[in-house]
Amino acid sequence: IVYKNSLIRTRRKEFKMSNGDLTTIYNSRTFCLYEDIDQIRSMGLAQGGSLENAIVVKENRILNDDGLRHRNEFVDHKILDCLGDLMLSGHRIFGHIKTSQGGHLLTNVLLKEFLSNKSNWEFVTFEEKQEDLKNGAYLSSAAVNA
């Protein structure tokens, strides 16, 4: 992620669903800048948003009394957003995604482009996937610029 805000700033994280503990990803809250709240609400978004379920950053401080749940909560929430958006495809996707400044719109564009061309993907059974992984084979991949 890349933000001008001094608390959020630029952060990077490599994440593999098949490795490691997912707890920090799943426990990461959405976040926003205090100065964006009126605009977000005017768009009909964040109707249930509060300091109980979202991190609010105002200048160089976090308004939530308890602060961040963990050091990488900002970037971990962006990963959570991406994973959730991919799940909306209705299929389990085996592949690799590399994104910079990702968000719901970018993931939506990726899925539309990726799924629109059948040469980008194929359906496999779980058993076939396990065999492919043992043999070092990988499914097709695609890149989308948006």
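Quick caveat: nothing in here was measured; it's all calculated off a predicted structure.

K.L.:
Give a description of the sheet that holds strand E3 (residues 61-62) that names residues and reports values.
P.N.:
Pairing in this open sheet of three strands is mixed, and the strands run E1-E2-E3 from one edge to the other. Both outer strands of the open sheet, strand E1 (30-33) and E3, are each paired with one neighbouring strand and no more. Taken together, the four bridges between E1 and strand E2 (residues 54-58) define a ladder with parallel strand orientation. Each bridged residue has a counterpart across the sheet, and for Cys 32 the counterpart in E2 is Val 56.

K.L.:
Before we move on, could you go through the packing of aromatic side chains and cite the residues and values that matter?
P.N.:
For the coordinates displayed, the defined rule picks out three aromatic pairs. Taking 4.9 Å as the distance between ring centres and 75° as the angle between the ring planes, the aromatic pair formed by Phe 31 and Phe 74 counts as edge-to-face. In this pair, Phe 31 sits in strand E1 while Phe 74 sits in helix H3 (residues 73-87), placing the two residues 43 residues apart along the sequence. Over the ring of Tyr 34 we find Lys 58; its NZ or CZ atom is 4.4 Å from the centre of that ring.

K.L.:
Let's hear about a nonpolar patch on the surface: which residues, and what values?
P.N.:
There is a patch of nonpolar side chains on the surface, built from Met 17, Tyr 26 and Met 87 and spanning about 330 Å² of accessible area. Mapped onto the fold, Met 17 is located in the segment before helix H1 (23-26). What makes Met 17 partly exposed here is its relative accessible area of 41%.

K.L.:
For the packing of H3 against helix H4 (residues 104-116), give the residues involved together with the corresponding values.
P.N.:
For the pair H3 and H4, the least separation of the axes is 10 Å and the interaxial angle reads 35°. Judged by the twist between their axes, the crossing of H3 over H4 is right-handed. Residues Asp 81, Cys 82, Asp 85 and Leu 86 of H3 lie in contact with H4, whose contacting residues are His 104, Thr 107 and Leu 111. In terms of residue class, the contact of H3 with H4 is built from three nonpolar, two polar and two charged.

K.L.:
Describe the pairing of E2, and please don't skip the residues or the numbers.
P.N.:
Within E2, four of the five residues are buried, leaving the element largely enclosed by the surrounding structure. Here E2 runs beside E3; their pairing, made up of two bridges, is antiparallel. Bridge pairing links Lys 58 to Arg 61 in E3.

K.L.:
Got a sec to walk through the pattern of salt bridges? Specific residues and values, please.
P.N.:
In the structure shown here, the tally under the stated rule is three salt bridges. The residue Asp 66 makes a salt bridge to Arg 29 at a minimum N-O spacing of 3.8 Å. One end of the pair, Asp 66, is in the loop between E3 and H3; the other, Arg 29, is in the loop between H1 and E1, with 37 residues separating them in the sequence. Arg 29 gets classed as buried once you look at its relative accessible area, which sits at 5%. Two residues, Glu 73 and Arg 29, come together in a salt bridge whose shortest N-O distance is 2.8 Å. Of the two residues, Glu 73 sits in helix H3 while Arg 29 sits in the loop between H1 and E1, which places them 44 residues apart along the sequence. A single salt-bridge network, built from bridges that share partners, covers Arg 29, Asp 66 and Glu 73.

Parameters and conventions
Residues numbered from 1 in each chain as written. Predicted model: local features only at pLDDT ≥ 70, side-chain atom pairs only at ≥ 80, totals over all residues. Heavy atoms only, no water. Pairing = 2+ DSSP bridges. Helix = DSSP H or I, 4+ residues; strand = E, 2+ residues; numbered from the N terminus. Phe/Tyr/Trp six-rings, centres within 6.5 Å; stacked < 30°, edge-to-face > 60°. Lys NZ or Arg CZ within 6 Å of the ring centre and 35° of its normal. Patch = residues over 30% accessible without salt bridge, like charges linked within 9 Å, V, L, I, M, F, W, Y side chains within 5 Å. Areas by Shrake-Rupley, 256 points an atom, 1.4 Å probe, with all protein chains shown as cover. Salt bridge = Lys/Arg side-chain N within 4 Å of Asp/Glu carboxyl O. Buried < 20%, exposed > 50% of the residue type's maximum accessible area, 1.4 Å probe, protein only. Axes fitted to C-alpha atoms, helices over the stretch in contact; angles between N-to-C directions. Left-handed = near helix turned anticlockwise from the far one by under 90°. Contact = heavy atoms within 4.5 Å. Nonpolar A, V, L, I, M, F, W, Y, C, P; charged D, E, K, R; others polar.

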